[in-house]
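Residue strings, one per chain:
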Amino acid sequence: MGLLDKLDAVAAARKALLPEGVDVFGIPIGQIYSATEAKIGDRRILFLGTNNYLGLTFAPECLRAAHEALESEGTGTTGSRMASGSYGGHRALEREFADFYNCLSCIVFTTGYQANLATISGLAGAGDVVLIDGDSHASIYDGCRLSGAEIIRFRHNDITDLDKRLRRLGERSRSTLIIVEGIYSMLGDRAPLADIVKLKDAYQSTLLLDEAHSLGVLGRTGQGLVEETGLIGGVDFITGTFSKSLGGIGGYCVSNHPQLDQLRYVSRPYIFTASPSPATIASTRAALKLLHDGTGLREQLWKNARQLYSRLQELGYQLGPEPSPIIATILDTPQQALALWNGLLEHGIYVNLMLPPAAPDGKSLVRCSVSAAHTSDQMDYAGQAFAELRGTIFQ
Ligand code: PMP
């Protein structure tokens, strides 16, 4: 097989599955009207698949901060954090994140993907073990591969399976990094953190929690699952992203371990890429303040999430196990998922489609993400569209 034949096979598989003329995974967004509305083709659509949980992408404070930084510091740093790319803003944001979590220190990265790559590959290496939940995000899998450590998966949110695998490791559990997520990106469910912390203590392992989808969403001040459960002391490293609740792009890792800072010298994904732009850092600093004080936004987000989740449940859709701003409709076949996704688009609603192997257990997902910026009427409208499409999907 020639080098490029693999890609021809991808094209053929796409052609067999996806409708002619609709670029399901690359629809161009024509114009953005707000955090919840945009133009696709010639129609106005409701955004119901972004990760804009607090709706901060157009917050005046963030726009103003970004504009000012753009004017005063330029469009990009053109350098890595290690070489001319660490400005005052990068350092200030690291301090602000550390203070937000009451932790010793923080490292800021260019994306959330990179935060996981850098943290995991910096912490674990050949001879160590990474023990990860089966539903982990691709950035966790990729970070594990880059680390060279032995990768072991445990069944999604299954404490008995985690216990069994730690027990089997014997002495090696002490050089094991367990990795879980606050809210899982596929089904919107939370990790059973209290039980996981107990196990990691019992086996003297190290625990990394990715709060990408739970930052700003869970906890009184929005720290995430660590705050909701009061378990921050039990988690060794927290990673997360600026690209969801904070409405920007970038990532972070916070910890009370003084060794965190040494990752700057060993993590290739930190060293060999350009640092976040000044405007990105400035808008993220403004967004972090809003997120911290945003109790009202979190209440609105959860009100919207519960409203849509219970409507879809009443309609008999198979959903993730608990109400969450990520509401995944689980379908048996890719054809059903495509029909629902396309039907929603025809109703002017843009959601996410996940087909195997991207979705777990060979299922297909149509995934909605709710925002605090959505109105109750928009949730009603989405519920109505799901109601109308039910008959055609499950005939
Ligand atoms: N972790 C998780 C759990 C995610 O879902 C994502 C993004 N979907 C990331 C990390 C990567 O974040 P980013 O898109 O900011 O690179």
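As annotated in an unreviewed UniProt entry, the chain carries the name Serine palmitoyltransferase and comes from Nitrosospira multiformis. Its UniProt record, at the heading Sequence similarities (unreviewed entry), says of the chain: "Belongs to the class-II pyridoxal-phosphate-dependent aminotransferase family." Of the chain, the UniProt comment under Cofactor (unreviewed entry) reads exactly: "pyridoxal 5'-phosphate".

Considerations on the nonpolar core
If you look at the biggest cluster of nonpolar residues, it comprises 113 residues, and the most contacted ones within it are V130 and I327. Top contributing element to this core by residue count: helix α11 (residues 278-293), with seven residues. Shared between two domains, this core takes at least three residues from each, and those domains are domain 1 (9-47 + 295-393) and domain 2 (59-293). Contacts of I327, omitting those with residues within four sequence positions, involve G188, A305, L308, Y309, L312, L319, G320, C368 and V370.

A short note on the domain arrangement of the chain
Taken domain by domain, the chain comprises domain 1 (9-47 + 295-393) and domain 2 (59-293). The gap between the C-alpha centroids of domain 1 and domain 2 is 27 Å. Contacts between domain 1 and domain 2 engage 13 residues on the former and 11 residues on the latter. In terms of residues, the side of domain 1 that touches domain 2 owes the most to one element, strand β11 (residues 326-331), which gives three residues. Within the side of domain 1 that touches domain 2, the residues separate by chemical class into nine nonpolar, two polar and two charged.

Re helix α12 (residues 295-314)
Over its 20 residues, α12 extends 29 Å from the first C-alpha to the last, a length consistent with the 28 Å expected when each residue adds 1.5 Å. Among the residues of α12, those classed as buried are L297, R298, Q300, L301, N304, A305, L308, Y309 and L312. With its buried residues spanning 165° around the axis, α12 presents them on a single face. What points out from α12, more than 90 degrees from its buried face, is the exposed set T295, G296, E299 and E314.

Quick look at the sheet that holds strand β1 (residues 31-32)
Overall, mixed pairing links the four strands, which are arranged β1-β2-β3-β12 in an open sheet. What marks the edges here is a single partner per strand, and that holds for β1 and β12 (349-350). In terms of strand pairing, β1 meets strand β2 (residues 37-40) through two bridges, oriented antiparallel. Residue I32 lies in a different strand from β2, and its bridge partner there is A38.

The rules behind each value
Residues numbered from 1 in each chain as written. Predicted model: local features only at pLDDT ≥ 70, side-chain atom pairs only at ≥ 80, totals over all residues. UniProt positions renumbered as here; feature names shortened; annotations may be inferred. Core = buried A, V, L, I, M, F, W, Y, C linked by C-beta atoms within 7 Å. Buried ≥ 20, exposed ≤ 12 C-beta atoms within 10 Å, placed from the backbone. Helix = DSSP H or I, 4+ residues; strand = E, 2+ residues; numbered from the N terminus. Domains from an automatic or database assignment. Contact = placed C-beta atoms within 7 Å. Nonpolar A, V, L, I, M, F, W, Y, C, P; charged D, E, K, R; others polar. Expected span 1.5 Å × (residues − 1). Arc of directions from axis to C-beta. Pairing = 2+ DSSP bridges.

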